[in-house]
Amino acid sequence: MAKSAAADTTKVLVTGASGYVATHCVQQLLQNGYRVRGTVRNLQNMTKIQPLKALDKNDLLELVEADLEKPDDWPNAVKGCTYILHVASPFPIVPDASIIKTAIEGTLNVLRAANKCDTVRKVVLTSSCAAINEGHEEYDKVFNEEDWSNLDNPIVNNYGRSKTLAEKAAWDFWKNIEDGNKFDLTVLNPVLVVGPALMDVEGASITVVKRFLNREMPAVPRLQLALVDVRDVAKAHVLAMTEERSNGRRILLTYTPSYWFMDIARVLAKEFGPQGYYVSTIRAPYALVWLVSRIDKQAKSILPRINHEVKFDNTVAKDILGLEFTSPDKSLIDMAYSMIERGILPKKPKYKPQNAE
């Protein structure tokens, strides 16, 4: 990615800067010479702050406290920024209804602040494929940016509802701006994000991969997920800031084709099995998943997805942002090595660091 001539004087706000995707956004912005203001909920939480500070090689990073649920925090956070990457959003493994209000109000708090700040040219909002393909009965459909999740279907979980309603609230707010600063808006819709971690806190996508390597998945359900590399997602955010063709657009971020859980298991088993990590490649029959779902909330949440393919069209991301998506084989392997190095997974006696002789 070529460094912009104006990058040295341009300040970019990254919300939820200590998160999995946001840390990569911060890293790529700093590498491109942008000044970055990152928001965190607590400046005293060194577990989250220290990995961010380690990215700042040229004193270009400023960290400030701001809470998605506190509207008064955002005018000062936004002040003087040219671009906003609104990445922050709750993503728990088993989401409860509270995340819906947090996602909607948090998004609107950031956009209202941008509307009152005349320096802001553009907001790039991180949504999700969960705002696109949830709740539909056409399982063989290839989904694209024209599609919206069907919230009339009770099967859609609270995370899918939070992302769909927050994104719709953002578009409604933006389209109805009549006074104040009319900034440009691009929404990015990534699928499940994988790839190396730059922070030490275990988030939802890290938890999914951890279960393969930590003897928490004795058998593999016939479940398929669309995957995208975290570095590609961050690159898309940085490119979308200045790419005018992305203005007013939703952009799906995904590698194609999607991966079955068994594909993930085989990739990890091949790389880490010889290093002492047991990765099951035993198929879990539907009846077993159903039985476990009676007592396990996460198993219950995936039950409707068993045996169904997940299909997306990533043409827009390739055409407008010029992205070539990283193979999930590389993403998964890089992710697991980073998790081991950061202590999220244990180091086995036979473990060899990545690229070691």
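An unreviewed UniProt entry lists the chain under the name NAD-dependent epimerase/dehydratase domain-containing protein, from Plectus sambesii. Regarding the chain, the UniProt comment filed under Sequence similarities (unreviewed entry) reads as follows: "Belongs to the NAD(P)-dependent epimerase/dehydratase family. Dihydroflavonol-4-reductase subfamily."

Chemist: Honestly, the overall build of the chain in this entry has me stumped. Any pointers?
Modeler: Helix and strand counts for the chain come out as twelve helices and 15 strands. Over its C-alpha atoms the chain spans a radius of gyration of 20 Å, differing by no more than 12% from the 21 Å that the globule rule assigns to 357 residues. Out of the 357 residues in the chain, the part that is buried amounts to 55%. Of the contacts made within the chain by residues no fewer than 6 positions apart, 78% connect residues no fewer than 24 positions apart. Only carbon and sulfur atoms are counted for the fraction: they give 48% of the accessible area of the chain, which is about 16,400 Å².

Chemist: Just checking my understanding: could you explain the pattern of salt bridges for this structure?
Modeler: On inspection of all chains with the given rule, the structure shows 14 salt bridges. Between Arg231 and Asp334 there is a salt bridge, and its shortest N-O distance comes to 3.0 Å. Residue Arg231 is located in helix α7 (residues 230-242), and its partner Asp334 is located in helix α12 (residues 328-341); the two are separated by 103 residues in the primary sequence. Look at Asp334 and you get buried, because its relative accessible area is 7%. Salt-bridge contacts for Glu341 lead to Lys347; the nearest nitrogen and oxygen are separated by 3.6 Å. Note on Lys347: relative accessible area 53%, which makes it exposed. Through salt bridges with shared partners, a single network forms among Asp229, Arg231, Lys330 and Asp334.

Chemist: Sorry if this is basic, but what is going on with the pairing of strand β12 (residues 250-253) here?
Modeler: Of the two faces of β12, the one holding Arg250 and Leu252 and the one holding Ile251 and Leu253 are both buried throughout. Note: strand β7 (residues 184-190) against β12, four bridges, orientation parallel. Its bridge partner being in β12, Pro190 is matched across the sheet by Leu253.

Reading the values: rules and limits
Residues numbered from 1 in each chain as written. Predicted model: local features only at pLDDT ≥ 70, side-chain atom pairs only at ≥ 80, totals over all residues. Heavy atoms only, no water. UniProt positions renumbered as here; feature names shortened; annotations may be inferred. Helix = DSSP H or I, 4+ residues; strand = E, 2+ residues; numbered from the N terminus. Rg over C-alpha atoms; globule rule 2.2 N^0.38 Å. Buried < 20%, exposed > 50% of the residue type's maximum accessible area, 1.4 Å probe, protein only. Contact = heavy atoms within 4.5 Å. Areas by Shrake-Rupley, 256 points an atom, 1.4 Å probe, with all protein chains shown as cover. Salt bridge = Lys/Arg side-chain N within 4 Å of Asp/Glu carboxyl O. Pairing = 2+ DSSP bridges.

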